[in-house]
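The primary structure of each chain is shown beneath.
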Amino acid sequence: MTRWEPARSAPAHAITPATSAWTVIGRGMRNRCPVCGEGKVFNGYLRVVDECEVCHAPLGSLRADDLPPYITIFVAGHILFPPVLWVEKAWMPPMWLHMAVWLPAFTIACILLLRPIKGAVVGWMTRLGFDPPPEVKAPPGPPRSDHA
Ligand SMILES: [Zn+2]
């Protein structure tokens, strides 16, 4: 199996085995290619580019799947849930007011957090390599019987 390597024309600061995970995570968070730090990760709000425009790293082959929304919900909940409890304890506002304030706040927080978190996950995944996904094999059929 061949692994993708940065092109010889890649910038000097392109990813190497010695590049720290925090470097590639930080690059992804800032919408910069985790490999070279110059190209973009996203084409639009959340669509990952097929390959980096600068170093041609196949970023589109990295499948972040459900991890970015999971982390986003986890972080937004930990940021906003303590104020929800504090407001309830301090003023006990009616439920409609809670909903009018906190639902938009959670929505905005998730919209703002999701993109940098997905970029960070894509950056982290570059540390795992760019091997193509394994071929899907046909499921095994019914067991053969040699006694028939
Ligand atoms: Zn790049």
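For the structure itself, look to the data block above.
Computed from a predicted model, the values in this text were never measured in an experiment.

A. Spotlight on helix α3 (residues 95-126). Along its 32 residues, α3 runs 44 Å from first to last C-alpha, staying within 8% of the 46 Å computed at 1.5 Å per residue. Taken as a whole, α3 carries its principal kink of about 30° at Leu114; the proline Pro116 stands between one and four residues after it. When α3 is considered as a whole, its buried residues turn out to be Ile117, Lys118, Gly119, Ala120, Val121, Val122, Gly123, Met125 and Thr126. Contact partners of the buried residues in α3: α1 (21-29) and α2 (67-91).

B. α2, seen in detail. Spanning 25 residues, α2 covers 36 Å between terminal C-alpha atoms, matching the ideal 36 Å at 1.5 Å per step. Of all the bends in α2, the greatest reaches close to 30° and is centred on Leu80; the proline Pro82 follows between one and four positions later. Within α2 the residues assigned to the buried category are Pro68, Thr72 and Ala76. If you follow the buried residues of α2, they end up packed against α3.

Calculation notes
- Residues numbered from 1 in each chain as written.
- Predicted model: local features only at pLDDT ≥ 70, side-chain atom pairs only at ≥ 80, totals over all residues.
- Helix = DSSP H or I, 4+ residues; strand = E, 2+ residues; numbered from the N terminus.
- Expected span 1.5 Å × (residues − 1).
- Bend = angle between axes of the 7 residues up to and from the residue.
- Buried ≥ 20, exposed ≤ 12 C-beta atoms within 10 Å, placed from the backbone.
- Contact = placed C-beta atoms within 7 Å.

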